[in-house]
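# Inside the fold
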Amino acid sequence: MSIFEYNGSAVVAMVGKNCFAIASDRRLGVQLQTIATDFQRISKIHDRVFIALSGLATDVQTLYQRLVFRHKLYQLREERDMKPETFASLVSAILYEKRFGPYLCQPVIAGLGEDEKPFICTMDSIGAKELAKDFVVSGTASESLYGACEAMYKPDMEAEELFETISQALLSSVDRDCLSGWGGHVYVVTPTEIKERILKGRMD
Amino acid sequence: MGDSQYSFSLTTFSPSGKLVQIEHALTAVGSGQTSLGIKASNGVVIATEKKLPSILVDEASVQKIQHLTPNIGVVYSGMGPDFRVLVRKSRKQAEQYNRLYKEPIPVTQLVRETATVMQEFTQSGGVRPFGVSLLVAGYDDKGPQLYQVDPSGSYFSWKASAMGKNVSNAKTFLEKRYTEDMELDDAIHTAILTLKEGFEGEISSKNIEIGKIGADKVFRVLTPAEIDDYLAEVEESAAATRRTGKIGNEEEESKMMTGGRNYTRLSIDSQKVSGSVCTPRWFFSRERGVKISPSHHLLICFHKR
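Residues numbered from 1 in each chain as written. Chains lettered and ligands numbered in written order. Predicted model: local features only at pLDDT ≥ 70, side-chain atom pairs only at ≥ 80, totals over all residues. Heavy atoms only, no water.

In the annotation of an unreviewed UniProt entry, the entry for chain B reads Proteasome alpha-type subunits domain-containing protein, and the organism field reads Brassica napus.

In the nomenclature of an unreviewed UniProt entry, chain A corresponds to Proteasome subunit beta from the organism Brassica campestris.

We now examine the interface of chain B and chain A. Between chain B and chain A, the contact holds nine residues from the first and eleven residues from the second. With both sides pooled, the region where chain B packs onto chain A buries about 960 Å², and carbon together with sulfur makes up 42% of that total. A per-residue breakdown of the area chain B buries against chain A is headed by Leu100, Tyr101 and Glu103 of chain B, which together make up 57% of the total. Linking chain B with chain A are two salt bridges. (Contact = heavy atoms within 4.5 Å. Buried area = accessible area lost by both parts, 1.4 Å probe. Salt bridge = Lys/Arg side-chain N within 4 Å of Asp/Glu carboxyl O.)

Once that is clear, we can look at the environment of Pro104 of chain B. Residues and elements named next belong to chain B. Assignment of secondary structure puts Pro104 in the loop between helix 2 (80-101) and helix 3 (107-120). Judged by its relative accessible area of 55%, Pro104 is exposed. When the C-alpha atoms of Pro104 and Ala94 are compared, they prove to be 7.6 Å apart, with ten residues separating the residues in sequence. Among all residues touching Pro104, those that are not within four sequence positions of it are Tyr97 and Asn98. (Helix = DSSP H or I, 4+ residues; strand = E, 2+ residues; numbered from the N terminus. Buried < 20%, exposed > 50% of the residue type's maximum accessible area, 1.4 Å probe, protein only.)

Attention now goes to the nonpolar core. Buried together is how nonpolar side chains tend to be arranged in soluble globular proteins. In terms of nonpolar packing, the biggest core is built from 51 residues, with Phe87 of chain A together with Leu134 and Val136 of chain B touching the most fellow members. Beyond its immediate sequence surroundings of up to four residues, Val136 of chain B is in contact with Ile72, Gly73, Val74, Val107, Val111, Gln145, Leu146, Tyr147 and Val149 of chain B. (Core = buried A, V, L, I, M, F, W, Y, C linked by side-chain atoms within 4.5 Å.)

All names here are of chain A. Among the six residues that make up strand 2 (residues 20-25), six are buried, leaving the element largely enclosed by the rest of the structure. Burial along strand 2 is two-sided: Phe20, Ile22 and Ser24 facing one way and Ala21, Ala23 and Asp25 facing the other are all buried. Sheet topology note: the strand 1 (residues 10-15)/strand 2 ladder contains five bridges and is antiparallel. Across the sheet, the residue bridging to Ala13 is Ile22, located in strand 2. Connecting strand 1 to the next strand, strand 2, in antiparallel fashion are four residues, including Asn18 with a positive phi near 55 degrees. Bridge count between strand 2 and strand 11 (residues 184-189): six bridges; the pairing is antiparallel. Its bridge partner lying in strand 11, Phe20 is registered against Val189. (Pairing = 2+ DSSP bridges.)

All right, on to the state of the cysteines then. Residues and elements named next belong to chain A. Enumeration according to the criterion identifies zero disulfides over all chains in this entry. Not engaged in a disulfide, the cysteine Cys105 finds its nearest cysteine sulfur in Cys121; these two sulfurs lie 14 Å apart. Cys105 sits in the buried class, given a relative accessible area of 0%. Note on Cys178: no disulfide assigned, nearest cysteine sulfur contributed by Cys149 at a separation of 19 Å. (Disulfide = S-S within 2.5 Å.)

This next bit is on a negative patch on the surface. Residue and element names in this part refer to chain B. Among the surface-exposed residues, Asp181, Glu183, Asp185, Asp228, Asp229, Glu233 and Glu236 lie close enough to one another that they form a single negatively charged patch. The element best represented in the negative patch is helix 6 (residues 224-243), accounting for four residues. With respect to the helices and strands, the residue Glu233 is situated in helix 6. (Patch = residues over 30% accessible without salt bridge, like charges linked within 9 Å, V, L, I, M, F, W, Y side chains within 5 Å. Areas by Shrake-Rupley, 256 points an atom, 1.4 Å probe, with all protein chains shown as cover. Lys, Arg positive; Asp, Glu negative; His and termini not counted. Charge placed at Lys NZ, Arg CZ, Asp CG, Glu CD.)

Quick look at the structure:
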């Protein structure tokens, strides 16, 4: 079994009309044993930038702490929040620093940029950025997620419809993956509010 | 930083609490060639004298104004070699920032990093402070900005500033001429006049250097041909004021304010001279303690750009 599949994870982000949604599963396992059903994979960097990390749980947590550290210093020095594109470049640089002993996680970054334009991207564990206009996926359930998103995605969805779409895509994909599931955690972010919702799916 | 033989700093406090080496560095700056910068409402201009030690020096090869990034430029007063080293370090820092964040470095951040380098050299083993003060001009998301960085590592944001030999005269001149809503071309005009104030000898495009950045966010050093154009404009407006009543110093300016006849003539002539309509404003808008009668006020408004 690959080390990326040690803990199990499913992460997806989608672009809507002046909004974005980012969702993850909640299972934390040690190979086949489930040890937690409320694991936090999505983290807020600031009100308009979110990052979700899939992969080895210890690296998920450590990398998140490092990124928050860097962003807080940036905020103090530059007296402004980081733009999502800038943050993605920073994550890519930090991951590549460990090119020959990498963090074993794949981040998904989502944010609202200038003029409320949503921005999403994903990268591999050594920082290869992949920008997308519609959706990005990551984790052990990524193949199912690709299929589900491709089928269900429509451009320019409003916040509520986007929430429905991303939730259905997530829940149907984790059902096909034994290492992820146990519910979902969805953030829908518009210029005016952040809505956080917990999904109840098949609890297995 | 510095030689391994010296692990102690050569810049040490005097009993009065001063860092004497830094004071000496500032003296070195003060005896360097004059440079100045002016922040306009839509850009920044920096300029410097370029006095070469001999006519045999190829003036085109001497570049005192340098780019740090495409949208930030810098000029100095003091020791040229120290300036080159600082420019090299600053360019590297700007590029490192760009590589990390894929974003051009904001002017304040670059100034801060450069100032940090200069401060390090006042507190490290075996090194001396830099013998330059820098004027950094840039245009970023926060608009046009002008910063001065001293050998001690302190930096200030200025609306207009001068450094080097003629600093007190130049600053007094700038204090009088500076207006908040000045535009970039006005600022270049004013910069040339300020340089002219303390210039020994004939000012020409071969012995001054001017750099500007406008709302297009591209820093450019003016070519000698462009400098010649500006110099010609300065000459023209100087000639115009000379024709109309010899305005050259404070006394005569005050006379102009109160002597109605002369004042009328000036207004008419400045209408004829293109490109120098801005000139009358200096004389009348910022003079202190001189009363302007309502009729004069009317004329001032009429000629406002």
